[in-house]
Amino acid sequence: MPQNEHIELHRKRHGYRLDHHERKRKKESREVHERSHKARKMIGLKAKLYHKQRHAEKIQMKKTIKMHEQRKSKQKDDDKTPEGAVPAYLLDREGQSRAKVLSNMIKQKRKEKAGKWEVPLPKVRAQGETEVLKVIRTGKRQKKAWKRMVTKVCFVGDGFTRKPPKYERFIRPMGLRFKKAHVTHPELKATFCLPILGVKKNPSSSLYTTLGVITKGTVIWGKYAQVTNNPENDGCINAVLLV
Amino acid sequence: THRAVITHSSPFQTYVDVERVLIQLQDETGEVLGSPFDVPLDISPDKLQLVCNALLQKPVPYLFFVKDAEVVSSLGSCVQELGLETEQVLPVVYQPQAVFRVRAVARCTSSLEGHTEAVISVAFSPTGKYLASGSGDTTVRFWDLSTETPHHTARGHTHWVLSIAWSPDGKKLASGCKNSQIFLWDPITGSQIGKTLTGHTKWITWLCWEPLHLNPECRYLASTSKDCSIRIWDTVLGRCDKILTGHTHSVTCVKWGGDGLLYTSSQDRTIKVWRAKDGVQCRTLQGHAHWVNTLALSTDYVLRTGAFEPATATINPQDLTGSLDEIKEKALKRYNSVRGEGHERLVSGSDDFTMFLWNPAEEKKPVARLTGHQALVNEVLFSPDTRLIASASFDKSIKIWDGKTGKYLNSLRGHVGPVYQVAWSADSRLLVSGSSDSTLKVWDIKKGKLNADLPGHADEVFAVDWSPDGQRVASGGKDKCLRIWRK
């Protein structure tokens, strides 16, 4: 770290090296490779700290990229007519539905606190670990067996970023990740395809809840709905709205 | 008072010793028919009907009322319930019903896809020949009713088509969009007539044509918008004729009355009465405590159908025939017969859960305040014979009120979500309602009960209309398809 401006001064007086810009460009592009080399080879406490910091960085990067993408695509949408057409008598009435949603959420929270859950599928077969998680062998001689891959459908949130692959204990394959569920309203017998907000509880185990594994009987959040099929067999999630 | 004493003197002859009572037949306005005469107390409505037909020489079905209570089984039971004296002359009011009877719709004959966004407004033409629907995908589509297939797609709007209105002669359709433009379409070719009418600065909330009997050419159109103004357009020249300002908030509804008065309701809690000829404001009707959402005139139905008489409807709807003068005369005759002696009555529904019944041509004070709903009133409609008012509200119920006095009659419950729109059948015996719970329900007014439940839509039902010839009901909603229902 220069303590004075002698570098700038020299540059002002004599200019840059002839290959300066070329070298700079190449060094910067090599930086990515060197970073990944370091990340792979580091061990011990240093590695832990570094990986933690890097994970946080990655999450930030993902968020900014997403925001940029949204900004770019928005210009196209402005020309198109927005969705959600409503008749004239409903135009000035946004506030009502939002209030209803909020009051519904409050009611459901109250119900949950009181522990009163009228669930359509009360008894669900418990799924053991061997069924839900598959062992993945790693290591030079394929002897280590601490990684697990989820074999059932799961839900990961919007801002989900994978942990560094070296440290991932639970792998949730992209093919088994679902964002939408077919929710049936029991009274109206109408089915809607709605986005999932989260997994509330998986009856088999709390571990599965934290992982976001969706099996028959799982309660997914939003307006609570309970899953009624085996999604890994059907390829879609069918649920019944809990009213 | 004696009970009826039946003594059998022989198996073939029953000598019935019942009370007799003097009744005086009156019509709704109080005019007496003939002189008081003597009838047995247990006379049934059928026999009364025969008497009326004989006296009036018109074979029309009637309903009979003693002091606003309908005579259902026999005059005697009615009198007993009311506790009236049989010594005096009893006034019995007769009400002619529609000669034709509209059959209730029971099945969905077709589900017309085509719109790529929610269907926001649906309207049958005054004769019931054409059907038009406006949607969030900025198109207005015309549908061929005999084959129940798409006919034309009218493109031109740049935003959601919020309201559509047929001209009373059925030759033009006006549609207003969220970008404050109004287009006129020809239903036969599906192409635009004339220029685009621009001028409003915010979205169009309601469109209303001038009644046929005032101008058989159907030239003038009134439009209201969120920019607090009402514009009267000359559709032949394609320009704005008058601008009526005065409201301070969005104008929600406009009705062009048959006497040359315009009624407008607004979110500033007032209803203003204007003279259509020169655009001068006559009156401001105040009383509501929140936004006034909707207006209904007692002569609404007859102004909408113009010269078309639903009783003369045929299986295949026809266009109006005759010269302009003939049409104007027919429309005027129909209008006068429906309006009756008094002036037009106006009912307004509001966000303050109540409605007011007004006599706007005469006075500023309301005739009655109709309370009872537990959520905002979204639509009110007079029945085609102006005797009843139906109000649809977000509290999932529909209430029926008397059209003259505003007295509460009946509540129709059954929907599980806010009721958005209602439509009367042409004979005023049936009512269809569409709600956000995606079902339509047909109600029998006489019994006060549900006649048919029509599920089928996949999402909220935004617009409902019953064709003036009574054959079909059309409904459109958020699930982007238009459904046609028949008996």
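Residues numbered from 1 in each chain as written. Chains lettered and ligands numbered in written order. Predicted model: local features only at pLDDT ≥ 70, side-chain atom pairs only at ≥ 80, totals over all residues. Heavy atoms only, no water.

A. A look at the UniProt feature "repeat: WD" (unreviewed entry) in chain B. Residues and elements named next belong to chain B. The feature "repeat: WD" (unreviewed entry), as annotated in UniProt, sits at residues 112-153, 154-195, 197-234, 244-284, 370-411, 412-453 and 454-487 in this numbering. The span residues 197-234 shows a helical share of 0% and a strand share of 53%, and its end C-alpha atoms are spaced 9 Å apart. Taken as a whole, residues 454-487 contains 0% helix and 50% strand, while its terminal C-alpha atoms sit 11 Å from one another. (UniProt positions renumbered as here; feature names shortened; annotations may be inferred. Helix = DSSP H or I, 4+ residues; strand = E, 2+ residues; numbered from the N terminus.)

B. Quick look at helix 4 (residues 324-339) of chain B. All names here are of chain B. Given a rise of 1.5 Å per residue, 16 residues ought to cover 22 Å, and the 22 Å separating the end C-alpha atoms of helix 4 matches this to within 8%. Among the residues of helix 4, those classed as buried are Ile327, Ala331, Arg334 and Tyr335. Buried positions in helix 4, seen along its axis, are confined to an arc of 100° and lie on one side of it. Among the exposed residues of helix 4, those pointing more than 90 degrees away from its buried face are Asp325, Glu329, Lys333 and Ser337. Those residues of helix 4 that are buried lie in contact with helix 3 (300-305). One or two residues past the end of helix 4 sits Gly340, with phi positive at roughly 80°. (Expected span 1.5 Å × (residues − 1). Buried < 20%, exposed > 50% of the residue type's maximum accessible area, 1.4 Å probe, protein only. Arc of directions from axis to C-beta. Contact = heavy atoms within 4.5 Å.)

C. The arrangement of the sheet that holds strand 31 (residues 397-402) of chain B in detail. Residue and element names in this part refer to chain B. The sheet built from four strands is open, its strands ordered 29-30-31-32 with antiparallel pairing. Two strands in the sheet have a free side with no partner beyond their single neighbour: strand 29 (377-382) and strand 32 (408-413). Ignoring which end each strand starts from, the neighbouring axes of this sheet average 20° apart. Sheet topology note: the strand 31/strand 32 ladder contains five bridges and is antiparallel. Considered in strand 32, the bridge of Lys399 is made with Ser411. (Pairing = 2+ DSSP bridges. Axes fitted to C-alpha atoms, helices over the stretch in contact; angles between N-to-C directions.)

D. Seen up close, the sheet that holds strand 35 (residues 440-444) of chain B. All names here are of chain B. One open sheet holds the four strands; their spatial order is 33-34-35-36, and the pairing between them is antiparallel. Each edge of the open sheet carries a strand with a single partner, namely strand 33 (419-424) and strand 36 (449-454). Recorded for the sheet is a direction-independent mean angle of 25° between the axes of neighbouring strands.

E. Structural detail: the interface of chain B and chain A. Between chain B and chain A, the residue contacts involve 27 residues of the former and 17 residues of the latter. Summing both sides of the interface, chain B and chain A together bury roughly 1900 Å²; the carbon and sulfur share of this comes to 61%. Across the chain B-chain A interface, the total number found is one salt bridge. Put simply, Lys226 of chain B and Asp92 of chain A hold a salt bridge, and the shortest N to O gap is 3.7 Å. (Buried area = accessible area lost by both parts, 1.4 Å probe. Salt bridge = Lys/Arg side-chain N within 4 Å of Asp/Glu carboxyl O.)

F. Structural context of the packing of aromatic side chains. By the definition in use, this model includes nine aromatic pairs over all chains. Between Tyr89 of chain A and Tyr420 of chain B, the aromatic rings sit 5.6 Å apart at their centres with planes inclined by 50°, giving tilted as the arrangement. Remark: Tyr420 of chain B occurs in strand 33 and Tyr89 of chain A occurs in the loop between helix 3 (44-79) and helix 4 (94-114); the pair is interchain, linking two chains. The exposure classification of Tyr89 of chain A matches that of Tyr420 of chain B, with both residues buried. Each ring, one from Tyr62 of chain B and one from Phe64 of chain B, has its centre 6.3 Å from the other, and the planes form 45°; the classification is tilted. Using a relative accessible area of 8% as the deciding quantity, one classes Tyr62 of chain B as buried. (Phe/Tyr/Trp six-rings, centres within 6.5 Å; stacked < 30°, edge-to-face > 60°.)

G. Main features of the side chain of Thr161 of chain A. Relative to the helices and strands, Thr161 of chain A resides in the loop between strand 2 (144-150) and strand 3 (170-171). If near-sequence neighbours (up to four positions away) are discounted, Thr161 of chain A is found in contact with His55, Lys58, Ile59 and Lys62 of chain A.

H. Highlighting the pairing of strand 2 of chain A. Residues and elements named next belong to chain A. Bridge analysis of strand 1 (residues 133-138) against strand 2 gives five bridges, and the strand direction is antiparallel. Opposite Val135, over in strand 2, you have Arg148 as the bridge partner. Where strand 1 hands over to strand 2, the hairpin turn is made up of five residues, of which Gly139 adopts a positive phi near 105°. When strand 2 meets strand 3, the two strands line up parallel, connected through two bridges. Residue Met149 lies in a different strand from strand 3, and its bridge partner there is Ile171.

I. The arrangement of the pattern of salt bridges in detail. Residues and elements named next belong to chain B. Inspection of every chain in the model, using the stated rule, returns 21 salt bridges over all chains. Among the ionic pairs, Arg275 bridges to Asp278, the shortest N-O distance being 3.2 Å. With relative accessibility at 37%, the residue Arg275 sits in the partly exposed group. Assessed through its relative accessible area of 40%, Asp278 is described here as partly exposed.

J. Highlighting unusual backbone geometry. Residues and elements named next belong to chain B. Positive phi is not limited to glycine here, since Ser180 has a value of about 65°. With respect to the helices and strands, the residue Ser180 is situated in the loop between strand 14 (173-177) and strand 15 (181-185). In this model, Phe353 sits at a positive phi of 70°, which is unusual for a non-glycine residue. With respect to the secondary-structure elements, Phe353 resides in the loop between strand 26 (346-350) and strand 27 (355-358). Residue classification places Phe353 among the partly exposed positions, given a relative accessible area of 37%.

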